[in-house]
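# Coordinate inspection notes
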Amino acid sequence: MTANTVSRPPRETVTGSGPSGPGPRRRPRGRTLTRVLPLAPAVVLLAIFLLGPVIWSFYGSFTDAALTGASAQDPQWVGLDNYLTLFTDPVFPLSLWLTFVFVVASAIVGQNFLGLGIALLMNRASKVVSAVVGTAVVAAWVLPEIVAAFVAYAYFSEDGTLNQVLAAAGMSGPNWLYSFPMLSIILANAWRGTAFSMMVYRAALNDVPVEVTEAAMIDGADGIKRLTWITIPMIKNSIATNLMLITLQTLSVFTLIWVMTAGGPGNESTTLPIMAFQEAFKFGDIGYGTAIATVMLLIGAAFSLVYIRALRPEKV
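First, a word on scope: everything that follows refers to the structure included in this document. (Residues numbered from 1 in each chain as written. Predicted model: local features only at pLDDT ≥ 70, side-chain atom pairs only at ≥ 80, totals over all residues. Heavy atoms only, no water.)

Attention shifts here to the side chain of serine 61. In this fold, serine 61 is placed in the loop between α2 (40–60) and α3 (70–73). In this structure serine 61 comes out as buried when scored by relative accessible area, which is 0%. Dropping the residues within four chain positions of it, serine 61 is found in contact with Gly79, Asn82, Tyr83, Gly287, Thr290, Ala291 and Thr294. (Helix = DSSP H or I, 4+ residues; strand = E, 2+ residues; numbered from the N terminus. Buried < 20%, exposed > 50% of the residue type's maximum accessible area, 1.4 Å probe, protein only. Contact = heavy atoms within 4.5 Å.)

For threonine 194, the location among the structural elements is in helix α10 (residues 181–206). Residue threonine 194 is classed as buried on the basis of its relative accessible area, which comes to 4%. Other than its neighbours up to four places away in sequence, threonine 194 contacts Gln111, Leu114, Gly115, Ile118 and Val137.

On to unusual backbone geometry, then. Cis geometry is adopted by the peptide bond preceding proline 265, which originates at glycine 264 and carries an omega value of -5°. Looking at the element boundaries, proline 265 is found in the loop between α14 (255–260) and α15 (272–282).

Turning next to the nonpolar core. Generally speaking, soluble globular proteins have nonpolar side chains that are buried together. Counting residues in each nonpolar core, the largest one holds 18 residues, and the members touching the most others are Phe102, Phe156 and Met260. Looking at this core, the elements that each hand over two or more residues are α5 (91–124), α7 (145–156), α8 (161–168), α9 (176–179), α10 and α14. Counting residues per element, this core draws most heavily on α10, which supplies four residues. Ranked by size, the runner-up nonpolar core spans 13 residues in total, among them Ala107, Leu116, Leu205 and Ile246. (Core = buried A, V, L, I, M, F, W, Y, C linked by side-chain atoms within 4.5 Å.)

It is worth spelling out the packing of helix α13 (residues 236–251) against helix α16 (residues 286–310) at this point. Across the interface, α13 lies against α16 with an axial gap of 9 Å and an inter-helix angle of 175°. On the basis of their axis angle, the class for α13 and α16 is roughly antiparallel. Of the residues in α16, those in contact with Ala240, Leu243, Met244, Thr247, Leu248 and Leu251 of α13 are Met296, Ile299, Gly300, Phe303, Ser304, Tyr307, Ile308 and Ala310. For the contact of α13 with α16, the class distribution of residues is eleven nonpolar, three polar and no charged. (Axes fitted to C-alpha atoms, helices over the stretch in contact; angles between N-to-C directions. Parallel < 35°, antiparallel > 145°, perpendicular 65-115°, else oblique. Nonpolar A, V, L, I, M, F, W, Y, C, P; charged D, E, K, R; others polar.)

Another point: the packing of aromatic side chains. The way to describe two aromatic rings as a pair is by their centre distance and the angle between their planes. Applying the stated criterion across every chain, the model contains 14 aromatic pairs. Taken together, a centroid distance of 5.0 Å and an interplanar angle of 85° make the contact between tyrosine 155 and phenylalanine 156 edge-to-face. Residue classification places tyrosine 155 among the partly exposed positions, given a relative accessible area of 36%. On the basis of relative accessible area, phenylalanine 156 is assigned to the buried category, the value being 8%. Each ring, one from phenylalanine 254 and one from phenylalanine 277, has its centre 4.8 Å from the other, and the planes form 50°; the classification is tilted. Here the residue phenylalanine 254 occupies a position in the loop between α13 and α14, and phenylalanine 277 occupies one in helix α15, the gap between them amounting to 23 residues. Among the residues examined, phenylalanine 254 registers a relative accessible area of 23% and is labelled partly exposed. Among the aromatic side chains, those forming a connected cluster through ring pairs are Phe58, Tyr59, Phe62, Trp77 and Tyr83. (Phe/Tyr/Trp six-rings, centres within 6.5 Å; stacked < 30°, edge-to-face > 60°.)

Turning our attention to the environment of arginine 309. With respect to the helices, strands and loops of the structure, arginine 309 is situated in helix α16. Judged by its relative accessible area of 59%, arginine 309 is exposed. Sequence spacing of arginine 309 and alanine 240 is 69 residues, and the spatial spacing of their C-alpha atoms is 9.5 Å.

Shown next as structure tokens:
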């Protein structure tokens, strides 16, 4: 060995699981089983009470199941007849459009923006004002849906609270539930559901670092710029989660609409849940009603896929 040669300790031989070297470390089966086993009861319950009814509903939409008559006792397979009838029914496109308007106006625009706006104002307000506003908003949300529906009916009816207030101001109001049925139920649902969005956004805003906001203020960013370029990007996951939940919840609203307008006048407020209920339980055609419910399920799944895609972490 020369003087410049540096002796190195021999390298340790690494035994691999494959011919080309070390393979990926495998988790012991016992540990995986230990983690999965506690979830088994929940999976079984979900399969029984959630997946089971969905599968039955999907199957029932291909039959002539009914509430009365021979089809009630022995439903027959009719294939795509219910869906062909549905897509040629003149009420279906109207119900689909009204459902879209109701979900967008009441949930995506109404509840979402009102919830965010109230949460931002409550963060700036004093503790007393914040507590009073929070209590007033949450009170509508904690009411049972049937109670909230009767309150909204009493407010928008011809001799209701809204027209009484207008009369006290020297104005006369229309019969809101007859002249503007969709507007009435959109406002009522937004009033009832805004509290959920408000609580989601209050929790999200509390996680925004104060240092970042203060740094933007020092750099001269006003409130709109801070909201647009700092706050919203930092809470975008909460926004997507909130939108997914309130969209699916609003898509299935039934009691509020049924109590306020029952889908009327005519079919001017007949959303898909109302149409499904009427066909299945008013006219006794269970198979046709479950076909409408299946379409609603597919629409909800489409919305969920869009929001879940938005929640995926960005690749750096």
